[in-house]
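Structural overview
For reference, the chains in residue letters:
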Amino acid sequence: MCSKMNIADTAVLLVCAGNATRMGGIHKILHPLGEMTVLEHSLQTFARCQEITELVIICRPRDEAEFREVLQHITLPFPVQIAYGGDTRQQSVKNGFAALTTDASYIAIHDGARPLLRAEDASHVIRDAHVFGAATLGVPVKDTIKTVDDGLIVDTPPRSSLYHTQTPQVFRRLLYLQAMSFADAHGLDFTDDCQLIEAINIRVAMTSGSYTNIKLTTPEDFATAEALLRYEQEREANTHG
């Protein structure tokens, strides 16, 4: 379970508005994973976090009824709002931000396609955001990375400084609002929320996460996720057994 803090002061923006173009039309967020949908896995993880005061699901307008159907069958300790996605990820998050109804001091932006987030990792990155103002989960890369130009290798960055960035990415609410205003004023649109913060010259802390926190992008990822889900269930059983 996420560690207790003094107050519940973090709102989650759960981004679920993708078009599933690489999933062959399958809506991955509403697709089964084990005995639950992908959506339910994320909701149950955040339900275990004492820090969470509100959650906003950001989805396509045509999917709202299906999302509400899932919500009718799950009990959560915080209110849930639904917002519509925009033309880009940044616009979708902005719509979710506008839908917040509580005065949460921090926001945690999470990919709905990452259903295997560990509650303790969510707690860790939220805690780091309280210290630094901005923090993201990530894991060190395992492979050697090459920079390629026109089909030829031009550089080999040192692996020790490279991380795969994950979510949640957590920010002080007023800091994120400032970054959104800056991006709007300068016509900037990023695919990664940390880039918004970096654009106003704020450094983001990298919080070590878990390699199981994968993003479901293609149908093959579901086979991997099923195996990782069994691994996580066994790990939790051994931890609490």
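Residues numbered from 1 in each chain as written. Predicted model: local features only at pLDDT ≥ 70, side-chain atom pairs only at ≥ 80, totals over all residues. Heavy atoms only, no water.

1. Considering the overall build of the chain
The condition that has to hold: Put simply, DSSP marks the helices as runs of H or I at least four residues long and the strands as runs of E at least two long, and each gets a number from the N terminus on. The atom set for the radius of gyration is the C-alpha atoms, and the globule formula is 2.2 Å times the number of residues raised to the power 0.38. Throughout, exposure labels follow a simple rule: accessible area from a 1.4 Å probe, protein chains only, divided by the maximum for the residue type, with under 20% read as buried, over 50% as exposed, and the rest as partly exposed. Should any heavy atoms of two residues lie within 4.5 Å, those residues are counted as being in contact. In this description, accessible areas are obtained by the Shrake-Rupley approach with a 1.4 Å probe, and a residue is regarded as covered only by the protein chains that are shown. A residue counts as positive if it is Lys or Arg and as negative if it is Asp or Glu; His and the chain ends are not included. For this purpose, a charge sits on NZ of Lys, CZ of Arg, CG of Asp or CD of Glu.
On a plain count of helices and strands, the chain comes out with 7 helices and 11 strands. The globule rule puts the C-alpha radius of gyration for 241 residues at 18 Å, and the 18 Å found for the chain is close to it. With respect to the three principal axes, the spread of C-alpha positions in the chain is 55 × 40 × 40 Å. Counting over 241 residues, the chain shows a buried share of 49%. For the chain, restricting intrachain contacts to residue pairs at least 6 apart in sequence, the fraction spanning at least 24 positions comes to 76%. Entry remark: accessible area of the chain is about 12,200 Å², with carbon and sulfur atoms responsible for 49%. Of note, the chain has its 21 positive side-chain charges centred 3 Å away from the centre of its 30 negative side-chain charges.

2. Comments concerning the state of the cysteines
Selection criterion: Only a pair of cysteine sulfur atoms within 2.5 Å counts as a disulfide in this structure description.
For the structure shown, the criterion picks out 0 disulfides. Take C16: it sits in no disulfide, and the sulfur closest to it among the cysteines is that of C59, at 7.4 Å. Counting only cysteine sulfurs, C49 is the nearest neighbor of C194, a cysteine outside any disulfide, at a range of 18 Å. Residue C194 is classed as buried on the basis of its relative accessible area of 4%.

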